[in-house]
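Reading the structure
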Amino acid sequence: MSNTIPKTPVPVAPETPRIPIMMDALVLTGPSAFEVRKEPVPIPGPDEVLCKIRGVAICGSDPEIVRGDLIGYWPPAFPFIAGHEWSGEIVAVGRDVSTFKVGDRVAGEAHKGCGFCTRCLEGRYNLCQNYAKHETGHRHYGFINNGAYAQYNAYSIKAIKHIPDHVSFREAALVDTAGVTAHSMDQTGITMGGTVAVIGPGPIGMIAMRLARVLGAAKVIAVGRNPRLESAKGSADALVDFSKHDPVEMVRAMTGGAGVDEVFECSGAKGTFNQAVRMVRRGGRIGLLGVPKKDVIEELPFAYMVANEISVYGSKANPHVSERIISLISSGKLVLKDLVTHCFPLEEFGTALETFVGRKDSVMKVVIEPNGPEV
Ligand SMILES: [Zn+2]
Ligand SMILES: [Zn+2]
C-alpha cells in the first residue's frame, strides 16, 4: 500500500467550438427603433459562462421595453439588447466555474441577486435590495443588463439551469415564463382536489391552468374572452367569457356559490383584482401575476376581505422554481411546446414583434432563434 496522496486528475480542456469575436445582436437604438448589427461577443467573468442563444421567447414586457415606455428604468438607456426568456448551450466557461461545462444545454432566469443583502440571504433574490446596482453583482438580464436577443451572451451561473437533451430549446425558452406561474403557486399553494380560476388566458394564464392541474386542482376555470378564451379549451375544464357574462356570478355558480379555492390574476387589466376577491371562497388565496399599467388603481372591498380572510400574494418573477419546472417538462407532466406557435430568425424580429403584439394568426408564444433552428 502506498501512502502517497492520490494524484489529482489533471483537468482536460474540453474541445471548444470556435467562438467568433463579433456576433449578430438585435440592438434597441431608441424608442421603437432597433436593428440587427454586429456587436462584440461578451467575455464571461470568473463565475460566468458564455452561452450560444438558441431560443428566446418574446415576453409581454418586451414590447414596452422596445417602445421605450420605461426608458431610464427598463432599460437604463439605449443602445440596449433586451430578451430574457431564453435557452441555449454553453460555449465557454469562466475561471471559477466547475458545475457547468462547454456543451451543456441550459435555460436562463432573468434575475441574479447581489447575494448578500437581507432579501437575497432570505432566498428572495427577485427582491434584491441592490437592484440595478451593477457594482454589487446584481443583474437583471434583458431589463437592466444586456439580454438574449443576440447570438451570444455571458451569464452568471446563478442564472442558468441544466436542461436535458430531450427537451427542445424552443420549449426550454418557456422555462422562465412557466416559472412565474410556479412562483405564484408556491406562494398560494393549490388545494388538492379544489377549484382554481385563472383570469387572462394569455401565455402565463395558459401555463397557470396547466400547472394548477399538475399540482392537484380538480377543476380549472378560465376567465377571458374570445378568441383567446377558445384556445384555453384543452387547458381548462370550464370557460367564462366576461364579455357575455358577469365573471364573478358565473364562477360562483360553478362552485355552488362558495367561490374557488385559488384565483390567479394573469391579465393585469383594470377591475380583475376586484373580481378575483369576489370569486374566491372564504379563506381563499389570490395570486397576482399579471403586470398592470402603473395607473391601474383598484377599489377593493376592505371589510369583506378582512371578514373573509382573503389572502393576496403579489408575485414577481421566478425564484427557486426553474429546476422544478424543467423536471416537470422533462417528465412530460407539464407540456409547453404547443404554446410556441411561431418561430423567427433574429433578422425578422420586427415581424415577430408585430405578430406577438397584434395577436395575429392565433399566436401564443413567439420564439426568436438567433443561431437558427435546432436540427
Ligand atoms: Zn418574461
Ligand atoms: Zn441582493
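Each residue is numbered by its place in its chain's sequence as written, counting from 1. Chains carry letters from A onward and ligands carry numbers from 1 onward, assigned in written order. Given that this is a predicted model, residues contribute local features only at a pLDDT of at least 70 and side-chain atom pairs are listed and counted only at 80 or more, while totals for whole chains, interfaces and linings are drawn from all residues. Computation of side-chain values: all heavy atoms of the structure, hydrogens and water removed.

1. Re the coordination of the zinc ion (ligand 2)
Basically, it comes down to this: Coordination shells were defined by N, O and S atoms within 2.8 Å of each metal, extended to 3.2 Å for Na, K and Ca; water is absent from the atom set, which can make sites look incomplete. Sites are called tetrahedral only when four donors show all angles between 85 and 135 degrees, square planar or octahedral only when four or six donors show opposite pairs over 155 degrees and all other angles between 65 and 115, and irregular in any remaining case. Helix and strand assignments follow DSSP, with helices taken as H or I runs no shorter than four residues and strands as E runs no shorter than two, numbered in order from the N terminus. Relative accessibility under 20% of the residue-type maximum defines a buried residue, over 50% an exposed one, and the middle range a partly exposed one, all with a 1.4 Å probe and only protein chains included.
Only C114 (SG), C117 (SG), C120 (SG) and C128 (SG) from the protein reach the zinc ion (ligand 2) as donors, at distances of 2.3 to 2.4 Å. Around the zinc ion (ligand 2), the 4 donor atoms are arranged such that angles at the metal cover 104 to 117 degrees; this shape is classified as tetrahedral. Counting the intervening residues between successive donors of the zinc ion (ligand 2) yields the motif C-x2-C-x2-C-x7-C. With C117 in the loop between β6 (111–112) and α2 (118–121) and C128 in the loop between α2 and β7 (139–140), this pair connects stretches of sequence that are 11 residues apart. With relative accessibility at 7%, the residue C117 sits in the buried group.

2. Some points on the coordination of the zinc ion (ligand 1)
Taken together, C59 (SG), H84 (NE2) and E85 (OE) make up the full set of protein donors to the zinc ion (ligand 1), lying 2.1 to 2.4 Å away. Within one chain, the residues donating to the zinc ion (ligand 1) are spaced in sequence as C-x24-H-E. One end of the pair, C59, is in the loop between β3 (48–57) and α1 (62–67); the other, H84, is in the loop between α1 and β4 (85–93), with 25 residues separating them in the sequence. Both residues of the pair, C59 and H84, belong to the buried class.

3. Looking at the domain arrangement of the protein chain
This is how it is decided: Start and end positions for the domains come from either an automated domain assignment or a database one. By definition, the buried area sums, over both parts, the 1.4 Å-probe accessible area that each loses when the two are put together. In the analysis that follows, any N or O atom pair within 3.5 Å is treated as a polar contact, provided that within protein one partner can donate a hydrogen and the other can accept it, and provided that, for residues neighboring in sequence, both atoms belong to side chains. Side-chain classes are defined by residue name, with Ala, Val, Leu, Ile, Met, Phe, Trp, Tyr, Cys and Pro counting as nonpolar, Asp, Glu, Lys and Arg as charged, and the others, Gly among them, as polar.
When its domains are assigned, the protein chain resolves into domain 1 (22–174 + 336–369) and domain 2 (181–314). The distance between the C-alpha centroids of domain 1 and domain 2 comes to 29 Å. For the pairing of domain 1 and domain 2, the buried interface totals around 850 Å² over both sides, and the portion due to carbon and sulfur atoms is 57%. On inspection of domain 1 and its partner domain 2, the count reaches 2 residue pairs in polar contact (both at pLDDT 80 or more). Residues that form the side of domain 1 that touches domain 2 fall into these classes: 4 nonpolar, 1 polar and 4 charged.

4. Here we look at the packing of aromatic side chains
So the rule is basically this: Centres within 6.5 Å make a pair out of two Phe, Tyr or Trp rings, where for Trp the six-membered ring is used; the pair is then stacked when the planes are under 30 degrees apart, edge-to-face when over 60, and tilted otherwise. Both a distance and an angle decide whether a charge sits over a ring: NZ of Lys or CZ of Arg must be within 6 Å of the ring centre and within 35 degrees of the ring normal.
Applying the stated criterion to the full structure yields 7 aromatic pairs. Joined through ring pairs, the aromatic side chains of Y73, W74, Y131 and F143 make up one cluster. Looking at R105, its charged tip hangs above the ring of F169, at a distance of 4.1 Å from the centre.

5. Focus: the pairing of strand β17 (residues 365–369)
Quick note on the threshold: Any two strands with at least two DSSP-identified bridges between them are counted as paired. When the strands point away from the viewer, a crossover counts as right-handed if the path from the first strand over the helix to the second runs clockwise.
Along β17, 5 of the 5 residues are buried, which leaves the element largely enclosed by surrounding structure. Burial along β17 is two-sided: K365, V367 and E369 facing one way and V366 and I368 facing the other are all buried. In this sheet, β17 lies alongside β3 in antiparallel orientation, the contact comprising 2 bridges. When the bridges of β17 are listed, V56 appears paired with I368. For strand β16 (residues 340–345) and β17, the ladder comprises 5 bridges, and the chain directions are parallel. Bridge pairing links F344 to I368 in β17. The handedness of the β16 to β17 crossover, carried by helix α10 (residues 349–357), is right-handed.

6. Focus: the layout of surface pockets
Just so we agree on the cut-off: Buriedness of a pocket was judged along seven lines, with at least five required to meet protein on both sides within 12 Å; pockets are open sets of points on a 1 Å grid over the protein atoms alone, cavities are sets where a 1.4 Å probe fits but cannot get out, and lining residues have an atom within 4 Å of a point. Grid points are joined across faces, edges and corners, and a volume is the space filled by probe spheres set on the points.
By volume, the second largest pocket is sized at about 240 Å³. Around the second largest pocket, the lining comprises 16 residues; the ones closest to its centre are G123, Y125, K158, K161 and H320. Per-element accounting of the lining of the second largest pocket gives the leading share, 3 residues, to helix α9 (residues 322–331). Of the residues belonging to the lining of the second largest pocket, the class tally is 4 nonpolar, 6 polar and 6 charged.

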